[in-house]
Amino acid sequence: MPYAIVGHEGPLTGQRFLIGEEPVTFGRRGDNNVVITSERASRFHAEVRAQGDDYVLQDRGSRNGTLVNGRKITSHVLQPGDTISIGGETFRFETFDDLETVVDASMLPTVVRAVPGVGMGQVLHVTISGGGPVGLSLALLLEHLMGHRVSITMYDGRWTRDGARIVWRNAAQGNNRRQQVVTVQSRQYLNLPEDVQERLFTTGSYSEMWPAGPDSIRGYSPRNIRIAHVEDVLLDMVNEKADRIRLIPENLDPVAHRDGIAQDHVLAICEGGRSRTREHFGDRFGQADKSIYSLDGHHVQDVVLGIRVKSDLPDPMIVLLTVAQNRFLLNSLRGEGFLNVRLTDAEAKEVIGIDPIRQVFEECIASNPCLMERTESGDFHCSTHQTLFLPALIRGSALWRRVQEGLTLFGITEDNVSAVTGFRLDMVQRPRFTSRLFFPTSTTPGTYGFLLGDAANAIHFWPGRGLNSGLASAISLARSLNRNWRGRPFRDADFVRHEAAMSMLQYRHKSRAWNAMVAADEQGVTRAIKDKIAQGLEEGAAGVDRNADIDVLMDRLRQIRSRLAPRIPGMPDDAALLERLSELRSETVRSLVVSGAWDTLTVGGEEVDIDIFDTPVPAEPSPADATLFVRPTTTAPHDLSGTTGPQPVHNEAE
């Protein structure tokens, strides 16, 4: 008579793992037969082996032990009805009639890609559009949680084939790699698979310059890391899992690939804020609302100029100078990163490239955006459009003169400026993030679509929630798919918790971001911070008491320093700070005063904890579950029939 391990309490409730001649293994690693995501489970926790006519459960030296019927064991001969507890999840050892196997009738015609060792109709087929950090993290999370129960296809036009591997295109191939530094919170990176964490955070690949805040858990700090490094590591790891993750170096075309999408269970849209796939399915996800992020009927947008630099200032001073004002943000890895300059509307009009041959202006950096590398002659050149950055060419350019003030503030010489780029930032409110794209038919399983990352929640970079929100959304979806996959078409109810998590991420992070785009003036009137900066520049040029403004900035720096000092050793003294401010022009000093400090106290507080949405809920049969009983032709040793199976973040002083 066949035996099985059946999920009793926890995310695997109701799932059946048949026992054959090969061991059934339990643990956190994705190559276990029974993957347990709880931190209380070890990577290789326990296994069930056949010994003669018996099945023996053995603990494999786990940290927290294995319980059978409430008692800790090292080895135990299982009896039908025994209850096994591992990492807070509970399973039962049961027998079942070998003449009957439950199969979902609606899934029988849809098996299009077989996976060795997995029962027919039990493989979850996922397409991921967009191969940046969010899409790659989703793929690795699904593979880790579901193993051979998932088959993933990924599309990204920024890739190319190099022999047997898929790699990132370079600048000569039309892809300017993102060298910006992002800050990943421990709440997100600690929820990635352990092998991903080990590969990402090698010695020298990250720094911990920002203090722990509400998004920090288990005593770990936020980590600054270069986005290109994240992309390289994750793509390398996905390449190593070619048996379950298929990489296609082209953009997904929702029209040309419609039939393929309809054959899959899941389409995860991770293409970024300008997603074509999201717009194609716009009627499914609903129209975005701009009004909530508007003033006087005008959608508020910020234009940011990013300057790739190397600063010799120590990290504590960089942190303090950055959070004390809203004009300049230096996010770096040991001083190397991008100095981001929030521009006024008048300055934004100067962000333009010029074709030196044809003598015509090009939007280039302002619209695409492009990375303009510095040449030996000192110009900034766009290799894609063959243009030069106009403000740096014009001696009288107000914009470039003000950029140089930002360099002075952070102790950056012109020799340590290597590139410029630009980007626009705005936000919209999205009505939903989950939608059924195609209903099940006699030949298709029914496809659900999900918006993740910037395709779901493009967030203003000043409070730095973009990558962290994207990683949280990937973690939430991977867990939902693993928890709810039972080899039958999904239902809306399967994604209630994921949709709730996405809505909370939108509310929390965008409310925070909105407070980084606007502020109230002395009369309580809400104004865009970029307009306050413009006001400060005008007042400074008209003549103000420069020394009084420096005193205001010094008082602000002292207050922030007193809050940060217990968490960031090595804070600069008054003399070092005064030296930095004294080199600035009056209009710059005035604009820093008027822009205000980062409003971290106002936007601080409770964070969105994805873990609360992963609380086990006992599975209940639904009247809508259509099943039939069929006599199986063969039974594989590990037949799984009937189974279910991370922009800079800166919390300165909240």
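Right above here is the structure, for reference.
Let me sum up the structure you'll find in this document. (Residues numbered from 1 in each chain as written. Predicted model: local features only at pLDDT ≥ 70, side-chain atom pairs only at ≥ 80, totals over all residues. Heavy atoms only, no water.)

## Topic: the packing of helix α8 (residues 315-323) against helix α17 (residues 574-582)
(1) Moving on: Across the interface, α8 lies against α17 with an axial gap of 12 Å and an inter-helix angle of 55°. When the interaxial angle is binned, α8 and α17 end up oblique. Where α8 crosses over α17, the handedness of that crossing is right-handed. Judged by residue contacts, Met 317, Leu 320 and Leu 321 of α8 engage Ala 576, Leu 577 and Arg 580 from α17.
(2) Moving on: Partitioning the contact of α8 with α17 into residue classes produces five nonpolar, no polar and one charged. (Axes fitted to C-alpha atoms, helices over the stretch in contact; angles between N-to-C directions. Helix = DSSP H or I, 4+ residues; strand = E, 2+ residues; numbered from the N terminus. Parallel < 35°, antiparallel > 145°, perpendicular 65-115°, else oblique. Left-handed = near helix turned anticlockwise from the far one by under 90°. Contact = heavy atoms within 4.5 Å. Nonpolar A, V, L, I, M, F, W, Y, C, P; charged D, E, K, R; others polar.)

## Quick notes on the pairing of strand β24 (residues 302-310)
(1) Moving on: Burial of β24 is extensive: eight of the nine residues sit out of reach of the surface.
(2) Moving on: Sheet topology places β24 next to strand β32 (residues 417-425); eight bridges connect them, and they run antiparallel. When the bridges of β32 are listed, Val 309 appears paired with Val 417.
(3) Moving on: One ladder, built from seven bridges, connects β24 with strand β26 (residues 336-342); its direction is antiparallel. Of the residues in β26, the one forming a bridge with Leu 305 is Val 341. (Buried < 20%, exposed > 50% of the residue type's maximum accessible area, 1.4 Å probe, protein only. Pairing = 2+ DSSP bridges.)

## Some details on the sheet that holds strand β13 (residues 124-129)
Pairing between the strands of a sheet comes from backbone hydrogen bonds, and it takes one of two forms, parallel or antiparallel.
(1) Moving on: In space, the six strands of this open sheet follow the order β20-β14-β13-β21-β34-β33, with mixed pairing throughout. Edge positions in the sheet fall to β20 (245-248) and β33 (434-438), since each has one partner strand and no second. Across the sheet, the mean angle separating the axes of adjacent strands is 20° when strand polarity is ignored.
(2) Moving on: Where β13 lies against strand β21 (residues 266-269), four bridges are found, and the strand directions are parallel. When the bridges of β21 are listed, Ser 129 appears paired with Ile 269.
(3) Moving on: Sheet strands touched by helix α1 (residues 133-146): β13, β14 (150-155), β20 and β21. Its angle to β14, the strand with the most contacts, is close to 170°.

## Regarding the pattern of salt bridges
(1) Moving on: One pass over the full model with this rule turns up 36 salt bridges.
(2) Moving on: A salt bridge links Asp 312 to Lys 310, with the shortest nitrogen-to-oxygen separation between them at 3.5 Å.
(3) Moving on: Where salt bridges share partners, they join Arg 327, Glu 347, Arg 402, Arg 585 and Glu 587 into one cluster. (Salt bridge = Lys/Arg side-chain N within 4 Å of Asp/Glu carboxyl O.)

## Focus: the environment of Phe 26
(1) Moving on: Inspection of the secondary structure puts Phe 26 in strand β3 (residues 24-27).
(2) Moving on: For the pair Phe 26 and Ala 41, spaced 15 residues apart in the sequence, the C-alpha separation amounts to 8.6 Å.

## Description of the sheet that holds β3
(1) Moving on: Pairing in this open sheet of five strands is mixed, and the strands run β4-β3-β5-β6-β9 from one edge to the other. Since the sheet does not close on itself, it has two edges, and those belong to β4 (34-35) and β9 (75-77), each with one partner.
(2) Moving on: As defined by bridge partners, strand β5 (residues 46-51) adjoins strand β6 (residues 54-59) across six bridges and the pair is classed as antiparallel. Residue pairing for β6: Arg 49 is matched across the bridge by Val 56.

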